[in-house]
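# Structural features, examined
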Amino acid sequence: MDSRDTAPDSWELEEDAEAPAAAGLQTAFANLNVNARPFVPNVNAVEFVPTFFQSSPTETTVSDGPAEIVASMEVVADTVAPMENGGTEADMTREEDTWEQKGEPGEGEPGGGGGEVLGAGGPCGEGADGIEDETMMIMEEEEEEIPLPKVAPAQPDAPKKEHVNVVFIGHVDAGKSTIGGQIMYLTGMVEKRTLEKYEREAKEKNRETWYLSWALDTNQEERDKGKTVEVGRAYFETEKKHFTILDAPGHKSFVPNMIGGASQADLAVLVISARKGEFETGFEKGGQTREHAMLAKTAGVKHLIVLVNKMDDPTVNWSLDRYEECKEKLVPFLKKVGFNPKKDIHFMPCSGLTGANLKDPVPDCPWYTGLPFISHLDSLPSFTRSSEGPIRLPIVDKYKDMGTVILGKLESGSIGKGQTLVMMPNRHTVEVLSLLSDEMETDDAVPGENLKLRLKGIEEEEILPGFILCNAENLCHSGRTFDAQIVIIEHKSIICPGYNAVLHIHTCIEEVQITALICLVDKKSGEKSKTRPRFVKQDQVCIARLRAAGTICLETFKDFPQMGRFTLRDEGKTIAIGKVLKLVPEKD
């Protein structure tokens, strides 16, 4: 703890201490080795090792300083009146300065060499040894308490890595969270020690294969049931890119959460289980493999990687026949959803639990000649994003933390610290106090980044997920009534005007009613019918007028695709997908 933050037992003691200290210090200064090199904490040490144990000549000169200081301080210790805190103020500030200049978080332990400075410079107390022990203990406690970010901060002049948001989708228990956890471990984002702790805890619950998923499923309920509920967030870096993992829930009850995750993604990873019986259940009518792939396409994901997981399972044993069987069943469906099998889809086998084919190729699998998963992600072409456009940031979540904090992905435009923006649809003017991109503070952000913004001028209660942050010169459109082209995907009976469903558009969820059916559209030729249909049924395409229960932010698909596509859901099923064609102004 900082010496400036704690008060001594009594202020009188503090003042009286100065006179004898001044006299004693004269003799102490005479004994000091003035030519000693200044002490530099060794931040690269894996664990705290006193520098006098290191043998290289340069290091020994450094260690002379603190050793002699400790010796001379023992002399002073008797003359100086006892004080509550260890180091002097100057020591503290000097230590903070060196940490700011030298310290790169993630290289070595958080308390790297700092303990020595405090131990060496502690001139007061009942003898320097006692204080050294105390400070060592305090340092150890601090080491455990402060988890520093694992990625060394980029140099200011280094070019910014491209941000890519990857959503993991697929049927429940296909292994999405496990693969996410394994990737974080392989890229060094989760320490081995943490995973060993998870493994012990999982073993106690007889769930030892779940421990990797706990890196992303942080909620107690998620860990007990082994099912992801909310979209987990984490990030990792490769040589060229910075990836944000969005771990979507696979259970059909939590599909609305999954849509929110997919709407932030640039790239989807469809995880399917190769285990006998599991692939079939995930792919049948009630399974989530089909629905998730379709929702990802609707959410605007252009590229899909299909990971055939659990290839190490005894029923599969890296069998090429099983891999091809899964591939044959999936390709026609993905083609029907709108992915191009040659350009947009890439298949690869892997094992999430063992980490096979995620970072390194697998000897058990000679027939797969492509790149492993992480290398493949790195080799993908860059996404084209313009930072020139209007600012659009759909809000995914909000909470209170020293002000109002919002989360979301910047779809277009660029945001800077201190900028004044407008929150739509309630037209609140807000100021950006600070920007965090994947836990790292930055001054400006470009499209594609997952951001946390701290805002001034708005209360947390006044924000809802689905609101949009935009610049005052170019506000996004908001309204309740709009015309849209809809494809009915799955609905048993007919749909007539007056039908109610739940609309999912970007991060917004709102109840809507189909107020009028305008015309049918021929799937092959694209021709519109001359007469108004009285109803529409499954597999038909129509243009309809929809009216939302409340005001929502939206754009036409032509102007801004990401905020113009939507899905309609009812009774826990996705019944239709569509795009906004025209916004209808409200009649006063």
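In what follows, the accompanying structure is described. (Residues numbered from 1 in each chain as written. Predicted model: local features only at pLDDT ≥ 70, side-chain atom pairs only at ≥ 80, totals over all residues. Heavy atoms only, no water.)

Okay, the sheet that holds strand β16 (residues 478-488) next. Each strand in a sheet pairs with another by means of backbone hydrogen bonds, the pair being arranged parallel or else antiparallel. If you trace the six strands once around the closed barrel, you get β16-β19-β18-β17-β20-β21, paired in antiparallel fashion. Along the sheet, successive strands turn relative to each other by an average axial angle of 45 degrees, direction set aside. Here strand β20 (residues 565-570) pairs with strand β21 (residues 573-584) via six bridges, running antiparallel. Bridging from a neighbouring strand, T567 pairs with I577 of β21. Packed on one face of the sheet, helix α10 (residues 255-262) meets β17 (500-505), β18 (508-521) and β20 and runs near 175 degrees to β20. (Pairing = 2+ DSSP bridges. Helix = DSSP H or I, 4+ residues; strand = E, 2+ residues; numbered from the N terminus. Axes fitted to C-alpha atoms, helices over the stretch in contact; angles between N-to-C directions. Contact = heavy atoms within 4.5 Å.)

Now for unusual backbone geometry. Here the bond from M424 into P425 is cis, since omega is 5 degrees, no more than 30 degrees from zero. On the secondary structure map, P425 appears in the loop between β10 (420-424) and β11 (428-437). Despite not being glycine, N357 shows a phi value in the positive range, around 65 degrees. Along the chain, N357 turns up in the loop between β6 (345-349) and α14 (373-379).

For the rest of this paragraph, the subject is the environment of T515. The residue T515 is located in strand β18 in this model. In the structure, T515 is positioned 19 residues away from C496 in sequence and 8.7 Å away in space, judged by C-alpha atoms. Excluding residues within four positions of it along the chain, T515 makes contact with P497, R545, L546 and R547.

This part covers the packing of aromatic side chains. Inspection of the entire model under this criterion finds six aromatic pairs. Geometrically, the ring pair formed by F283 and F333 is edge-to-face, given 5.9 Å between the ring centres and 85 degrees between the ring planes. Taken together, the residues F283 in helix α11 (residues 278-283) and F333 in helix α13 (residues 320-337) connect sequence positions 50 residues apart. Considered together, F283 and F333 belong to a single accessibility category, that of buried residues. Their ring planes at 75 degrees and their centres at 6.0 Å tell us that F482 and F566 sit as a pair that is edge-to-face. (Phe/Tyr/Trp six-rings, centres within 6.5 Å; stacked < 30°, edge-to-face > 60°. Buried < 20%, exposed > 50% of the residue type's maximum accessible area, 1.4 Å probe, protein only.)

Of the strand pairs in this sheet, β16 and strand β19 (residues 541-553) are connected by nine bridges, and their pairing is antiparallel. Along β19, the bridge assignment pairs S478 with C553.

This next bit is on the packing of α10 against helix α12 (residues 288-298). At a minimum axis separation of 9 Å, α10 and α12 run at an interaxial angle of 35 degrees. Crossing hand, α10 versus α12: right-handed. Residues V255, M258, I259 and A262 of α10 form the contact with α12, whose participating residues are E291, H292, L295 and A296. (Left-handed = near helix turned anticlockwise from the far one by under 90°.)

What follows concerns the packing of α12 against α13. Viewed as axis vectors pointing N to C, α12 and α13 meet at an angle of 35 degrees, and their least axial separation amounts to 10 Å. By crossing handedness, the relation of α12 to α13 is classed as right-handed. Residue-level contacts link T289, R290, A293, M294 and K297 of α12 to L330, F333, L334 and V337 of α13. Of the residues that constitute the contact of α12 with α13, the class distribution is six nonpolar, one polar and two charged. (Nonpolar A, V, L, I, M, F, W, Y, C, P; charged D, E, K, R; others polar.)

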